[in-house]
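Structure assessment
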Amino acid sequence: MIALLAPLIASHDPLVLKAGGRIQFPAFSGSPYVQLIPGNSPVLSSEVDWRFTPCEFKILPLICYSPSEQDAANTNFASPFKSQYHTQKDGTTTKLSWRYRHWMGTTRSGQDVLSILLHGCRTSLIIGIFSMLLAAFIGLLSGLFAGYYGNDRLKIQRINLWGFLFAGFVSVFYSIQLIELASMNGWRKLLISFTVILILLWLINKAISIVTRFFTQPFYHRYISIPVDEIFTAVTITFISLPRLVLVLSIAAILKPSITSLILLIGCTAWAEPARLIRTETRRIRNLNYIEHAHAAGSNDAQILFRHALPNLSSIVRNIFLTGAAGAIMTEAGLSFIGIGLPYNTPSWGMLIHEAKRNAEAWWLIVIPGIAIGILLRALLKAGMQRQQN
Amino acid sequence: MAPGDPVDRFVSLNTHDETFPTNEHQIDSTRAAWRHLLGLDLPIFYVSIQSMEDSKHEDSNSTVYYWIPTIQVHSDNQFHRWLFGDGQFTEGIVHGDFGKSYNTRQPVAKLLTGRMIWSVGLTLVAMALAFMISIPIALRAAQLRDKTFDRIIQSISLTLLSLPSFWIAILLLTLFANPNVLDWLPASGIGPLVPRPNRNFIQQFSDSLPYLILPTICYTLGTTAFLLRSIRDAASQELMSDYARTASAKGHDKRTILNRHVLRNLLPSLLTIAAFAFPAAISGAVLLEYIFGIPGMGSLLQEAVVGQDYPVLSAVFLISSFITLSGFAVCDLLIARLDPRIVKGGSL
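Below or above, wherever it landed, is the structure these notes cover.

What counts, and where the lines are drawn
- Residues numbered from 1 in each chain as written.
- Chains lettered and ligands numbered in written order.
- Predicted model: local features only at pLDDT ≥ 70, side-chain atom pairs only at ≥ 80, totals over all residues.
- Heavy atoms only, no water.
- Phe/Tyr/Trp six-rings, centres within 6.5 Å; stacked < 30°, edge-to-face > 60°.
- Helix = DSSP H or I, 4+ residues; strand = E, 2+ residues; numbered from the N terminus.
- Buried < 20%, exposed > 50% of the residue type's maximum accessible area, 1.4 Å probe, protein only.
- Axes fitted to C-alpha atoms, helices over the stretch in contact; angles between N-to-C directions.
- Parallel < 35°, antiparallel > 145°, perpendicular 65-115°, else oblique.
- Contact = heavy atoms within 4.5 Å.
- Nonpolar A, V, L, I, M, F, W, Y, C, P; charged D, E, K, R; others polar.
- Expected span 1.5 Å × (residues − 1).
- Bend = angle between axes of the 7 residues up to and from the residue.
- 1 Å grid on protein atoms, 1.4 Å probe; cavity = no way out; pocket = protein on both sides within 12 Å on 5 of 7 lines; lining within 4 Å.
- Points joined across faces, edges and corners; volume = space filled by probe spheres on them.
- Left-handed = near helix turned anticlockwise from the far one by under 90°.
- Salt bridge = Lys/Arg side-chain N within 4 Å of Asp/Glu carboxyl O.

**Things to note about the packing of aromatic side chains**
Counted according to the given criterion, the structure contains five aromatic pairs over all chains. Seen in terms of ring centroids, Phe145 of chain A and Tyr149 of chain A are 5.9 Å apart; in terms of plane orientation they differ by 5 degrees. Their pairing is stacked. Note that Phe145 of chain A and Tyr149 of chain A are positioned in helix α3 (residues 113-149) at a spacing of four residues, about one turn of the helix. The exposure class of Phe145 of chain A is partly exposed, given its relative accessible area of 34%. The interplanar angle of 80 degrees and the centroid separation of 5.8 Å between the aromatic rings of Phe337 of chain A and Tyr290 of chain B together place this pair among those described as edge-to-face. Linking Phe337 of chain A in helix α12 (residues 301-338) with Tyr290 of chain B in helix α10 (residues 254-292), this pair reaches from one chain into another. You'll find Phe337 of chain A and Tyr290 of chain B in the same group, each marked buried.

Take a look at the structure:
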């Protein structure tokens, strides 16, 4: 809730503004300009100090500072309990009234801590939720397949396996060649290459099914099982054994810092542990009676997996999601604490703690975001672990 | 290759040099020369599927060649140089040479050896401490399952898990290493800035002991929280098993059951937990070393990331994953030694 409403609770722009007989909603409009005096050209909203601009009527947000805004009168770590100041137009400084106080102090450059806290909550949750969605997706698919098929259930005729590998190779090659020939780029490239791959796969499979009739020896038609489980275990164990933060740090050094790349990074490195849990659970489920019944009733593997097995995994998936999101938020906080991964001006909790490293006096920069992280993560972990016990 | 190219750093570092070219074109050519010298212009890994037309250098006007795939493996790429050396800067990690750091121009292996001791040593000490603290408490909690003591321990470990360790570290620093609050302990480093002369090993150790108290506490806390939960879960499961019930039916008191029967059966799972806690501890060490200024692998990694020092980066990554993987291997061997059933593939 707080995360969603952060731009409304803590923002520089006034919510409602009546100036020159016109009612405007700068915080909602999305336009950076505001018509302050009728007839004059519109002014940049971020350049107006709304706190002390006389208007006919205005409603400022509860915390009238945006996270990137720097309050020049209260720079250099203003404490939440000592008096805060405001520089008037004639140059004299007066005490800031309680309405515009920085309730949780400021950072070195005069940014409001409470505002950063609220916006940082949004950053954390976005990263936690989306990276875990990605990780859960990868982990769920791979875990389901590995758990369900095991080492000996996915059987395929030898000739078909060869044919499939050959077809995959050839179709990828020709899709790339086609794109080079047409010199396309962007999303169109991906789309076209996928369609070409699919069409070619289908065509070549048809061709192979005709060709295979000429291979009459039983050698080619013997079923061999693909060791899905072994491949899966090998991949996940490498991912788990690598120290997570070291891995993320090394890749984050190469990527361009942004929220999206961080989400992708955390999502792609955090899927292994959920996948292993899901695999064990699927292995337990696949021997249960109802799966056999479904099999006997004529459902195919995909139906069994997604219609019968998946609903039974929902509780464990939810647990994994919650605890994993907690881990992702922790990783994000650690990364932004070192100053890697997120762009410099993104409001985040780790950045606040990083700021505190410069000044040991500024206790509010340490205590407040730490407690915020603690509460959020504790809630997530508690919710994730509660249902495990039942 | 990367947004912040290390070559750009070289160029910007050398622009104050008088002999350095000022012409934009010349700078570009120096940049290219550096890139070539470091081998950064080479592809990372060169196995490509190409059409015949690309691989054939003579002009073939026939378009048929465009549609015939060939596989090319090229040995002159960054991966091969990293493995087998480029004959100039490094001999390749196959020969035990990690190359030279871009920033300090020192051999990476030399940088690493001094720093690995601190990281691994502190992590191991912290793990041992964490086990010593958490095993008795967790066993007690498992015994008193769902009683008040267990609840308190559970909530404490949950709180510790949800608080980031670097936050606890900074909090402790501001409390105990702050001249204005409690000036008990030094803030960062691993020993006095100017080492006192004529000190033997024990005296040196006692010199640097106050520097190590806070880091050890932080290292330990993070691991303890994890251990408390997992050991308590494992132990309470063991306590519910048949043999524990048999033992209590035989008339053993609870303490004997716990110490003699449950603890022995718990050993393999304890080892597994230790193996899984180790990578997490190394991850945590990165942040803690950065805070406390400990010259370990974590702070080395952080410097390498900030300074785009690729040889150091890859070496640290390689070493730390090697350490954790060997931890897994040792753990597996020990478990097999402890519990011969696993080797036989019997009941498990």
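Moving on from the model shown.
**A few points about the packing of α3 of chain A against helix α13 (residues 349-356) of chain A**
Residues and elements named next belong to chain A. Contact pair α3 / α13: the axes reach a minimum separation of 8 Å and the direction vectors enclose 135 degrees. One way to sum up the angle between α3 and α13 is to call them oblique. Touching Val113, Ile116, Leu117, Gly120, Cys121 and Ser124 of α3 are Trp349, Met351 and Leu352, all from α13. When its residues are assigned to classes, the contact of α3 with α13 shows seven nonpolar, two polar and no charged.

**A word on helix α5 (residues 108-143) of chain B**
Because each turn of an α-helix spans 3.6 residues, side chains separated by three or four positions end up pointing in the same direction. An ideal rise of 1.5 Å per residue puts 52 Å on 36 residues; α5 of chain B measures up with 50 Å between its terminal C-alpha atoms. Roughly 35 degrees is the biggest bend found in α5 of chain B, and it falls at Arg115 of chain B.

**Quick look at empty space enclosed by the protein**
All names here are of chain B. According to the stated counting rule, one finds three cavities of 30 Å³ or more in the structure shown. By volume, the largest cavity amounts to about 110 Å³. Lining the largest cavity are 15 residues, and of these Ser119, Ile282, Ala285, Met297 and Gly298 sit closest to its centre. When contributions to the lining of the largest cavity are tallied by element, the ones reaching two or more residues are α5, α10, α11 (297-307) and α12 (310-338). When residues in the lining of the largest cavity are grouped by element, the largest group, five residues, is from α10. For the lining of the largest cavity, the residue count by class is 10 nonpolar, four polar and one charged.

**Quick word on the packing of α3 of chain A against α12 of chain A**
All names here are of chain A. Put simply, α3 and α12 touch, their axes get as near as 7 Å, and they point 140 degrees apart. Of the two elements, α3 crosses α12, and the hand of that crossing is right-handed. Broken down by class, the residue content of the contact of α3 with α12 amounts to 23 nonpolar, four polar and two charged.

**Some details on the pattern of salt bridges**
For the structure shown, the criterion picks out seven salt bridges over all chains. Note that Arg283 of chain A and Asp229 of chain A form a salt bridge whose closest N and O atoms lie 3.2 Å from each other. Residue Arg283 of chain A is located in helix α10 (residues 272-286), and its partner Asp229 of chain A is located in helix α7 (residues 228-241); the two are separated by 54 residues in the primary sequence. With a relative accessible area of 7%, Asp229 of chain A lands in the buried category. For Arg145 of chain B, the salt bridge goes to Asp146 of chain B, with nearest N and O atoms at 3.9 Å. What makes Arg145 of chain B partly exposed here is its relative accessible area of 37%. In this structure Asp146 of chain B comes out as partly exposed when scored by relative accessible area, which is 47%. One salt-bridge network, in which partners are shared between bridges, spans Asp229, Arg279 and Arg283 of chain A.

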